Structure formats: structure tokens, C-alpha cells
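Here's the letter readout for the chains.
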Amino acid sequence: MMSDLVTRWAQRDRVREAAMSTSAARDLVARYVAGQDLDDLIPVLISLIDKGLLVSVGYLGDHVNTLEQAAANKDVYLTIVRRMSDEGISSSSELSLRLSRLGQRLGAEGRHITLRETRTICRAASNAGVLVTVDMGDYELVEPTLRAWEQLHQDIPAVGVTVQAALHRTQRDLSDLAMPGRRIRLCKGVFREPKQVAFRNRHEIDLAFVRDLRMLMNSQVIALVASHDPRMISIAEELIRRTGRPPESYEFQMLHGVRPMEQRRLADVGYRSRVLVPFGPGWYDYYTQRLAERPANAALFARSLFGKR
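Residues numbered from 1 in each chain as written. Predicted model: local features only at pLDDT ≥ 70, side-chain atom pairs only at ≥ 80, totals over all residues. Heavy atoms only, no water.

Another aspect to go through is the packing of aromatic side chains. Considering all chains together, one arrives at four aromatic pairs under this definition. Ring geometry for Tyr 59 and Phe 279: centres 5.4 Å apart, planes at 50°, overall tilted. On the criterion of sequence distance, the pair formed by Tyr 59 in strand E1 (residues 54–59) and Phe 279 in strand E8 (residues 273–279) is long-range, its members being 220 residues apart. For the residue pair Tyr 59 and Phe 279, the accessibility class agrees, reading buried in each case. Three or more aromatic residues joined by ring pairs form one cluster here, namely Tyr 59, Tyr 77 and Phe 279. (Phe/Tyr/Trp six-rings, centres within 6.5 Å; stacked < 30°, edge-to-face > 60°. Helix = DSSP H or I, 4+ residues; strand = E, 2+ residues; numbered from the N terminus. Buried < 20%, exposed > 50% of the residue type's maximum accessible area, 1.4 Å probe, protein only.)

Quick look at the structure:
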């Protein structure tokens, strides 16, 4: 597949080294990633909030192979919350929490520590007025993530969770999850899973997304519609009109740098429009994943390596 070719090309050592040393390439990446550290992130968040948008922060940490790395990531998440509070932007902010960055893959001990550390982060965020939504990993992490979220939600009801329309199990999961007041983020899903557990055809994924979206909109959850697809957004707007949902019971979420004018349009017409802003040392791998999703951007990225914009 073209996306696989793009990913393999971008992951070559020579391409990676060129991207990290070429200012034009870094500037291009900056459209989608708010740098490597908090001093890069905070001005981006403030700029978006000043435009009437809400924000969500996704930390791009290094892959976690040890409990020490997981503990370091916990400290980063806590620092993000403190900075949001110090900057006075807590009420407009959300933390998008990936449990695998806190040791979820490190066996039984890792899962136990992940739950403990995640609870610490969620309590700190709640005290600061920052929302938290638990992000979702690949298929093998879905069940443990939902179990962890259920325990977190008992302590801190505002903690949200993410579901992926591409998975066969999601409609069944939503029948249990879609309870009044819960914050549920619906996305299509970025992981290419086996056909035994997931839809692979784009049309089938779109149909599943619409089915799940209808279920959410006809329930009393706080529906977080995470999509850049114009058709899905239009359908969501129509469902909002039909169900008469109050403004605080839903929001639209999109990635930083993707359809920014649409993000502003949604905010301008009165919807809650939230921008997921990634930052951190794993920025290059994140960006190459975006290239795989949009191979046409690979040519622009390649030209930037040679200083040609």
C-alpha cells in the first residue's frame, strides 16, 4: 500500500536525520505538532483559546519499555496540568491520556502501576479544572483500557473515554458505556487491525461511525465527535438539530493543523470546537503517521528536506 511505502521511506535514518536538522522540514511539522517541550506548547494553546477554540493536549512521549520511563511520563502529565493552571487556561483545556505511556504494556505490575498513576493524574487535573479523556490504543489494549477507565470513572465521573468506530465490538461496548453524563469520544480509529476484529473498508467504517454517532446522540452522554470528515460533521450537525441537544452536551474535536478553518467555523456558529494539540519528543513518529494517512503531503515534506517550500 502507498501508506506503507510512505511510512517506510519517512522512517529511514537518513530521512529522519534530514528532517530533524532542516529548518524548513521542522517548520512544516510545526503546523501539526506544537514542538518538543512545554515552552513550545503553551503559546500554541493560548493562541487557539484566544480564537474561541477549546484545546486538548496529547503528549508524544518515547516508547515505554521500563517502569522508570512510565514514571517520567507521569511527571510530564502532572507538569502539563500545573502549567495549564498557572497560565489560567484550565477551563478551556483537556488532557488526552494514553495509558500505554504510563506502563500499560508492562505486564500485571505495569497495569497496576498504570491505574495508580493515572488516578493521580486525573485527580490533579480535576482539582485544577482540567478535563481528562482516556485515549485508546490498538485492539489488544481496548479491554484493559476500558476496565481501567471504569475504575477511574467511579472516582472522577468527568473522566472521558475513547471508542473506535472501526472495531466490530464498539457498538456492543457503547450499549454499556452510553450512560447519562459520561464523556465519550468517538473516532474512526487509526490502527489497521485484522478483519476478524475490525472493518477494513472505508465505506464500512463510515457506516459504523454513523451508527455509533446516532447511538450517542440519542443517549444522554456528552458526545465528543472526533472526525475531520465533512460528511460525518454534517451528519452530526443534523443529529444535533433533530435531538435538540443543548450545547454543553457535545463537542467537535479535530487535530491541530487539520482543517483549521472548519474548526473556527464550528466555534463561530456556537458549537464547542476542541483542537487536539500533540507535542513531545515523539513528534517525528507522529508526523510520519500523518504522512501515511495523507500520502500527498509526502511530496511537500520531501521538498522541505531540501529547503524548497
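Still more to cover.
A few words now on the pairing of strand E5 (residues 183–187). Burial analysis of E5 places five of its five residues in the buried class, which makes it a mostly covered element. Alternating residues of E5 divide into Arg 183, Arg 185 and Cys 187 and Ile 184 and Leu 186, and every residue in both groups is buried. What joins strand E4 (residues 160–164) to E5 is helix H8 (residues 170–177), and the crossover it makes is right-handed. Relative to strand E6 (residues 222–226), E5 runs parallel, the two being bridged by four bridges. Across the sheet, Arg 185 pairs through a bridge with Leu 224, a residue of E6. As a crossover connection, the stretch from E5 through helix H9 (residues 202–217) into E6 is right-handed. (Right-handed = clockwise from strand over helix to strand, strands pointing away. Pairing = 2+ DSSP bridges.)

Turning next to the sheet that holds E8. Spatial strand order, E1-E2-E3-E4-E5-E6-E7-E8: eight strands in a closed barrel with parallel pairing. The mean inter-strand angle of the sheet, taken between neighbouring strand axes irrespective of direction, is 25°. Together, strand E3 (131–134) and E4 form the strand contacts of helix H7 (residues 139–155), whose direction differs from that of E4 by roughly 160°. (Axes fitted to C-alpha atoms, helices over the stretch in contact; angles between N-to-C directions. Contact = heavy atoms within 4.5 Å.)

Looking now at the packing of H8 against H9. Close contact between H8 and H9 brings their axes to 10 Å; oriented N to C, the two are set at 5°. Of the possible angle classes, the one that applies to H8 and H9 is roughly parallel. Residues Thr 170, Gln 171, Leu 174 and Ser 175 of H8 lie in contact with H9, whose contacting residues are Arg 211, Asp 212, Met 215 and Leu 216. The class makeup of the residues in the contact of H8 with H9 is three nonpolar, three polar and two charged. (Parallel < 35°, antiparallel > 145°, perpendicular 65-115°, else oblique. Nonpolar A, V, L, I, M, F, W, Y, C, P; charged D, E, K, R; others polar.)

Attention shifts here to the side chain of Arg 119. Relative to the helices and strands, Arg 119 resides in helix H6 (residues 107–128). Setting aside residues up to four positions removed in sequence, Arg 119 forms contacts with Gln 151, Leu 152, Asp 155 and Ile 156.

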